[in-house]
Structure formats: C-alpha cells, structure tokens
Amino acid sequence: MEKIVQEKYVQLENVNMTFFTKKGTFEALKNVNFSIREGEFISIIGHSGCGKSTVLNLIAGLLQPTDGNLFCAGREIAGPGPERAVVFQNHSLLPWLTCSENVYLAVERVFGATETKVQLKKRTQAAIELVGLAHAADKRPNEISGGMKQRVGIARALAMEPKVLLLDEPFGALDALTRAHLQDELMAIMAKSGCTAVMVTHDVDEAVLLSDRIVMMTNGPAATIGDILDVELARPRKRLELAEDSHYNHLRSEVLKFLYERHAKKAA
Amino acid sequence: MSAIGISKESIKTIMQNEQTTPTPTAVKAAAQPAAARMAPSKRPSARSLKLRSFFEWLLPPVFGVLAMIAVWTLISYQSPNLPGPVSTWHSAVELFSDPFYNNSPNDQGIGWNILASLERVGLGFGLAALVGIPLGFIIGRFQFMSRMAAPIIGILRPVSPLAWLPIGLLVFKAANPAAIWVIFISAIWPMIINTAVGVSKVPQDYMNVAKVLNLSEWKIVTKILFPFVLPYMMTGVRLSIGVAWLVIVAAEMLTGGVGIGFWVWDEWNNLNVEHIIIAIFVVGIVGLLLELALTSLARRFSYE
Ligand SMILES: Nc1ncnc2c1ncn2[C@@H]1O[C@H](COP(=O)(O)OP(=O)(O)O)[C@@H](O)[C@H]1O
Ligand SMILES: [Mg+2]
C-alpha cells in the first residue's frame, strides 16, 4: 500500500501573535507562514527571545494565535492534543513519579480506553527501552542526570505515538558530549518512527545535522520567517563524516551568516 | 508559633556550626607534617571527636533550660507568692503520680484534662482540615473562586478566635461544641490559605504537560496538583494545629468542663500557683510534641 505523503501536513497561515501583558501589548510574531511535509524534520532557529517557543507552542495548541490559522493533518489546531506531543525544554517530568510512571501517565491517557493494563505497561516499557533507560525505569527524575531526564521526556512523547513531535530546545541544557549522543539517538529514533518533527534550537550544528529544512527567524518584536534552508544531506548522517563534508559546511555557514550578518542581534 | 520556628532554625544553624567546627581541626591534623603524625596519641580519635561534638550540640539547650530555671528561682525569691522550681517540682511529682483519677466531673486527673483538650483540638482541627483543604484546592484552582473568597478570608481571618465563641454558644447551645467551633474557625485559615497558595504555585510546565496529555480534571488533581501541593498543605496543617493548641486553653477557660484550660482556671480559683506553672509547662510541651510530630510527618510527604 503506497502512502500518500501530505505536502502540507502542518500549516501556518499568516499567523500573528500578540501578547497582552500588564505592561501593554507585545507583538511577538507577525505574518508567519510555512508548512511542513509529513515525515519531515524541521528546525526553527533564531536568536534568543525571537519567538521560537511561541511558534512551537502555537503548533502544540498551548497558545492561540491572535490572527491567522494553523492546521495539522488538514484540521484546524484548536488546542493541545496527544497527536502533537511536546518534549519540553526543561524536561517537565513530574518529580514525584518514577520515569516509567511519567511515561505511563501519557500512555494511559492515549491508549487507556482501548488497551488492557498489560498492553499499556508493555508500551511504557518499550518506550523506556527505546531511549536506553531500562535500568533507570524505577528511578525518580531527581535521581538521574539531565541527559537521562531529557530522554524520559522524549520517551514520554514518543510513547504517545504522535503524528507530530515538537521539541523545544531539547538538548539546550546538556553538556556537549551528552548532547551529541542524544542527537545521534534522536536521529536513529526518528528514522525508525518516521514521524514529523519540529525542533526549536539555537545550535547551528544541531540544526544542520538533524533537519530536512531549517526555518530561520528574524529578531523580534514582530518576528517572522527570514529564510528557509533546505538541507539536502543524505541519511543516515554521520557527524564525523559530515565535519569534513563541504556541503555540510556550506549549509552551516549559510545559517551562521543569517544569524550573525543579516540578523545580528545587538549585544544586550 | 513563629518564635518556635525561629528558635528551631537557630538551633539548626548552631547544630550545623557544631558539625562543621571539627572539620578544620581534622584538616589541620591531616596537613601537619610527619613529625606530628608520629605521635598519634596527641591526635583526638574519631570517637572522641564525635563525643565532643555531641556535647557541644547538647550543651547550649541545657544551658538555656538552666538559665531559665535560675531566673525563675531569682524571681520566686523576690516575690513570695510565686513558687520556685523546687516546690513546683514536688507538686508536679505528686500530680503526675496519679494522672487518671476521677472524683467528679469537676475534679479529674491532669491526664484526663490533657486528653479532653486534645480531643477537642483533634475534632475542631480535623473538621477544619476536612473543609479547609478542599476549599483551598478550589480557591487555588479557579481564579473566579479565588476572587470570590478574597474578601471573605480578608475580613474573617484577622478576627480573634475567641470572638467566635459567643456565636458558637448561641448556635450550639452547649459549651463543648462551642469550643470545638472556635478551634475549627481558627484552624481553618492556615489550611485554606496554604493549600490555595500551593495550588497557585504549580509550575506552568506541569500544567502544560497536563494540557498536552489532555489529562482529566481528576488526573490533574491526583497526579499533579495533590503531590505538588502536599508540602504546602502540610505547612498549613502545622500552623493550624499550632493555632488550635494556642486557642484551646483560652476557649476552655471560658467554657469550663474538663480540659487543661479549665484546669488552669480552676487552679487559679484554688490559688494553687504551682499547678498553674505546671499547666504552662504541660501546654508548652504538648504543643512542642504536636509540632515535632507534624514536622516529621511533613518531611515524609515531601517528594524532594
Ligand atoms: N506569555 C507571554 N506573555 C508575554 N510575553 C511573552 C509571553 N511568551 C513569550 N513572550 C515574549 O515573546 C517573545 C518571544 O518569546 P519566546 O517564543 O519564548 O522566544 P524564544 O523561544 O525564541 O527564546 C519574547 O520577547 C517574550 O518575552
Ligand atoms: Mg524558547
């Protein structure tokens, strides 16, 4: 059976986002337009505070746009839903639950109505094993390292079998070695699951290594999409080989130029 | 209440200081050249160090108690009506040798009086928890409810607990329920407020998780709100029981019956000042024990 890949699986149309705060209104996003193909891995990159998380939260349904429309799989995004799982920047695990209980909470919610407890437990275990944490399944979040926490966060999201995986700077708080390791793992997992992913990052190498396309945002206020870069690098990608690859380095410098020449941020 | 908290904090810091003081000595001992190491008899052994730090930990509170007794003795010499520690001690020994006698409703052992007071506090406090904690959750969870409750709490909370006694007597037409009512109304505020504050402090991240997972309200309460709020709730419970124990003595003085408060009043009428002093100590010690029990309970419930 041939599956038809939807070209516009996730779609943002003229999205504006204005925050109304006590200090007045703040126009964060203006006229954001882009669409994501099914199965595609998209990175959103931009300087800190430009509105990357806001875009992600809009797709997640955690925020409602002040203007414009968002669609996922042909339907308007009305609110959060388990078909759009989020891996949060600070992992957001519940500290009073063990790793597997954290994952189970998500599994139960999505599959609880149709599956038995045994099946739910199996799913939980499979997700924990997928991220290589079988040995820490019964530990609490504060007993494991930052990298492991982030893995649990990824396991929780993947266990929901989402259509779209949303990641907000998932590796931002990790040291370089752990980060590289998790990036490789994420690539492998995404290749296996084939789900669509949107990742917010401020790490140029991470963006180029993982993405099919990189969405580059201008600085706020009223941030919008400055440019979209196609990353035509064959998969599976190996970070060591790519380090020498001229096309990889060209793409990398394209992003760097965008960030530091065309849309340099004044020092705060 | 807060005085207890502060003094405990200072005790804690004292304890920490005591624990850290041996360390520099140990470092110095280790850093000393070989000459010093050749005479190990000069170096204090680990056991004697431990013993020393134990005494250093124990001495200040002992000194504190001794100082209190000394001041009390001095004052009792100055004022002939105030019994000194020695006569109070003899009186206490006699009193506690038979704490559970029961001659008549108005003449019962100190043990019965303490138990009667604890029962009232337990009932009033338990009812307050039963009402206050769910109320706190509702107020913390829904902005509308919080705005609605704000003026009520704002006006009623500063009212002195005993001002509620006439209302209780009027409604219940009996002294005992009126006393329980006073405990209830004075113990409920810390629980409502602390629970509500806890709920309103639940990190947005956790609520975002709940939203993304589309958790039901029941799951949100049991899996996210309740575990997060528990430590706040326990603080409320601790404050509440402290207030309740503070209030019970005064309430019982007014309502009569069996109870430590009424006992104090009775002994005042008998001009038995030794017993009044004993009662002060009993009230203080029971309060301290309640506080300690709840603190250790709270520590158990903390997920950190
Ligand atoms: N809930 C909010 N209320 C008001 N302003 C907000 C809110 N969320 C984000 N902002 C503002 O919108 C801008 C973009 O924020 P964000 O999307 O978090 O940036 P990024 O993730 O790119 O660092 C920032 O200037 C931020 O202060
Ligand atoms: Mg962000």
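Residues numbered from 1 in each chain as written. Chains lettered and ligands numbered in written order. Predicted model: local features only at pLDDT ≥ 70, side-chain atom pairs only at ≥ 80, totals over all residues. Heavy atoms only, no water.

Engineer: What is the right way to look at the overall build of chain A in this model?
Structural biologist: Secondary structure assignment for chain A yields 8 helices and 10 strands. By its C-alpha atoms, chain A is 55 × 45 × 45 Å across when sized along the principal axes. Residues counted as buried form 50% of the 268 residues belonging to chain A. The long-range share in chain A, meaning contacts at least 24 apart out of those at least 6 apart in sequence, stands at 68%. As presented, chain A carries roughly 12900 Å² of accessible surface, and 51% of it is formed by carbon and sulfur atoms. The distance from the centre of the 32 positive side-chain charges to the centre of the 33 negative ones in chain A is 5 Å. (Helix = DSSP H or I, 4+ residues; strand = E, 2+ residues; numbered from the N terminus. Buried < 20%, exposed > 50% of the residue type's maximum accessible area, 1.4 Å probe, protein only. Contact = heavy atoms within 4.5 Å. Areas by Shrake-Rupley, 256 points an atom, 1.4 Å probe, with all protein chains shown as cover. Lys, Arg positive; Asp, Glu negative; His and termini not counted. Charge placed at Lys NZ, Arg CZ, Asp CG, Glu CD.)

Engineer: Looking at this model, I keep getting lost on the environment of Phe 26 of chain A. Mind explaining?
Structural biologist: Residues and elements named next belong to chain A. Within the element layout of this structure, Phe 26 appears in strand β2 (residues 24-36). As a C-alpha pair, Phe 26 and His 250 span 224 residues in sequence and 36 Å in three-dimensional space. Once you skip the residues sitting within four places of it in the chain, Phe 26 turns out to touch Met 17, Thr 18, Phe 19 and Pro 221.

Engineer: How should I be thinking about a nonpolar patch on the surface in this particular structure?
Structural biologist: Residues and elements named next belong to chain B. On the surface, a cluster of nonpolar side chains totalling about 830 Å² of accessible area is made up of Leu 51, Phe 54, Phe 55, Trp 57, Leu 58, Leu 59, Val 62, Phe 63 and Leu 66. Examined against the element boundaries, Phe 54 turns out to sit in helix α4 (residues 46-78). Here Phe 54 falls in the partly exposed class, since its relative accessible area comes to 42%. (Patch = residues over 30% accessible without salt bridge, like charges linked within 9 Å, V, L, I, M, F, W, Y side chains within 5 Å. Salt bridge = Lys/Arg side-chain N within 4 Å of Asp/Glu carboxyl O.)

Engineer: Got a minute to help me understand the packing of aromatic side chains in this structure?
Structural biologist: Tallied over the full model, the rule gives 12 aromatic pairs over all chains. Here the aromatic rings of Phe 54 of chain B and Phe 55 of chain B are separated by 5.8 Å at their centres, their planes lie at 65 degrees, and the arrangement is edge-to-face. By relative accessible area, Phe 55 of chain B is classed as partly exposed at 42%. Grouping aromatic residues by their ring pairs yields a cluster made of Trp 96 of chain A together with Tyr 206, Phe 228 and Tyr 232 of chain B. A cation over a ring is seen here: Arg 123 of chain A above Phe 111 of chain A, with NZ or CZ 3.6 Å from the ring centre. (Phe/Tyr/Trp six-rings, centres within 6.5 Å; stacked < 30°, edge-to-face > 60°. Lys NZ or Arg CZ within 6 Å of the ring centre and 35° of its normal.)

Engineer: Explain empty space enclosed by the protein here, please?
Structural biologist: A probe matching the size of a water molecule, rolled over the atoms, marks out where space remains unfilled. Applying the stated criterion to the full structure yields 3 cavities of 30 Å³ or more. Every residue lining the largest cavity is listed: Ala 85, Val 86, Phe 88, Arg 156, Ala 157 and Met 160 of chain A together with Val 209, Val 212 and Leu 213 of chain B. For the lining of the largest cavity, the secondary-structure elements that each account for two or more residues are β6 (84-87) and α4 (146-159) of chain A together with α10 (204-213) of chain B. Per-element accounting of the lining of the largest cavity gives the leading share, 3 residues, to α10 of chain B. (1 Å grid on protein atoms, 1.4 Å probe; cavity = no way out; pocket = protein on both sides within 12 Å on 5 of 7 lines; lining within 4 Å. Points joined across faces, edges and corners; volume = space filled by probe spheres on them.)

Engineer: Can you walk me through the sheet that holds strand β1 (residues 10-21) of chain A in this structure?
Structural biologist: Pairing between sheet strands relies on hydrogen bonds along the backbone, with the strands arranged either parallel or antiparallel. Residue and element names in this part refer to chain A. Sheet architecture is open: 4 strands sit in the order β2-β1-β4-β5, paired in antiparallel fashion. Among the strands making up the open sheet, the edge pair consists of β2 and β5 (75-76). In terms of strand pairing, β1 meets β2 through 9 bridges, oriented antiparallel. Within β2, the position partnered with Thr 18 by the bridge is Glu 27. (Pairing = 2+ DSSP bridges.)

Engineer: Can you walk me through α4 of chain B in this structure?
Structural biologist: For an α-helix the count is 3.6 residues per turn, leaving residues at separations of three or four pointing the same way. With 33 residues, α4 of chain B extends 48 Å from end C-alpha to end C-alpha; this agrees with the ideal 48 Å at 1.5 Å per step. Of all the bends in α4 of chain B, the greatest reaches close to 30 degrees and is centred on Leu 59 of chain B; the proline Pro 60 of chain B follows between one and four positions later. (Expected span 1.5 Å × (residues − 1). Bend = angle between axes of the 7 residues up to and from the residue.)

Engineer: Is there a simple way to think about the interface of chain A and chain B in this case?
Structural biologist: Note on interface size: it is often stated as the accessible area lost on association of the parts. The interface is formed by 22 residues belonging to chain A together with 16 residues belonging to chain B. Here chain A packs against chain B, burying approximately 1800 Å² in sum over the two surfaces, 69% of which is carbon and sulfur. Considering only the side of chain A, the residues that lose the most area to chain B are Trp 96, Leu 105 and Arg 109 of chain A, jointly responsible for 34% of the buried surface there. On inspection of chain A and its partner chain B, the count reaches 1 salt bridge. Note that Lys 219 of chain B and Glu 108 of chain A form a salt bridge whose closest N and O atoms lie 3.0 Å from each other. Remark: the boundary between chain A and chain B carries 4 residue pairs in polar contact (both at pLDDT 80 or more). (Buried area = accessible area lost by both parts, 1.4 Å probe. Polar contact = N/O pair within 3.5 Å; in protein donor to acceptor, adjacent residues only side chain to side chain.)

Engineer: When you look at the sheet that holds strand β10 (residues 225-230) of chain A in this model, what are you seeing that I'm missing?
Structural biologist: Residues and elements named next belong to chain A. Strand order in the open sheet formed by 6 strands is β6-β7-β8-β3-β9-β10, with mixed pairing between adjacent strands. In this open sheet, the two edge strands, each paired with only one partner strand, are β6 and β10. Put simply, the sheet's adjacent strands are angled 15 degrees from each other on average, direction ignored. As judged from the 5 bridges shared by strand β7 (residues 164-168) and strand β8 (residues 196-201), these two strands associate in the parallel manner. Its bridge partner being in β8, Asp 168 is matched across the sheet by Val 200. In the packing of α4 onto the sheet, contacts are made with β6 and β7, and the angle to β6 comes to roughly 175 degrees. (Axes fitted to C-alpha atoms, helices over the stretch in contact; angles between N-to-C directions.)

Engineer: Please clarify how the site of ligand 1 should be interpreted in this entry.
Structural biologist: Residue and element names in this part refer to chain A. Near ligand 1 you find Phe 19, Thr 21, Phe 26, Ala 28, Ser 48, Gly 49, Cys 50, Gly 51, Lys 52, Ser 53 and Thr 54, and these make up its full shell. Ser 53 places a polar side-chain atom, nitrogen or oxygen, 2.7 Å from an oxygen atom of ligand 1. Summarising the interface, the protein chains cover 61% of the accessible area of ligand 1, which totals 550 Å² for the free molecule. Every element with two or more residues in the shell around ligand 1 is listed here: β1, β2 and α1 (52-60). If one sorts the elements of the shell around ligand 1 by residue count, α1 sits on top with 3 residues. For the shell around ligand 1, the residue count by class is 4 nonpolar, 6 polar and 1 charged. (Near = heavy atom within 4 Å. Nonpolar A, V, L, I, M, F, W, Y, C, P; charged D, E, K, R; others polar.)

Engineer: For this particular structure, what's the right way to read the side chain of Glu 252 of chain B?
Structural biologist: Residues and elements named next belong to chain B. Its place among the elements puts Glu 252 in helix α11 (residues 217-255). Owing to a relative accessible area of 0%, Glu 252 belongs among the buried residues under this scheme. Among the polar contacts listed, one links the side chain of Glu 252 to the side chain of Ser 117, at a separation of 2.9 Å. What Glu 252 contacts, discounting residues up to four positions off in sequence, is Ser 117, Arg 120, Val 258, Gly 259, Ile 260, Gly 261 and Phe 262.

Engineer: I tried to follow the pattern of salt bridges on my own but got confused; where do I start?
Structural biologist: Here the idea is simple: oppositely charged side chains can pair when their charged atoms come close. Residues and elements named next belong to chain A. Taken as a whole and judged by the stated rule, the model has 17 salt bridges over all chains. Glu 115 is the partner of Arg 123 in a salt bridge, and the nearest nitrogen-oxygen pair spans 2.7 Å. Ionic contacts of the salt-bridge type, sharing partners, join the residues Glu 7, Arg 37, Glu 40 and Arg 213 into one network.

Function cannot be read off these values alone, since they describe shape.
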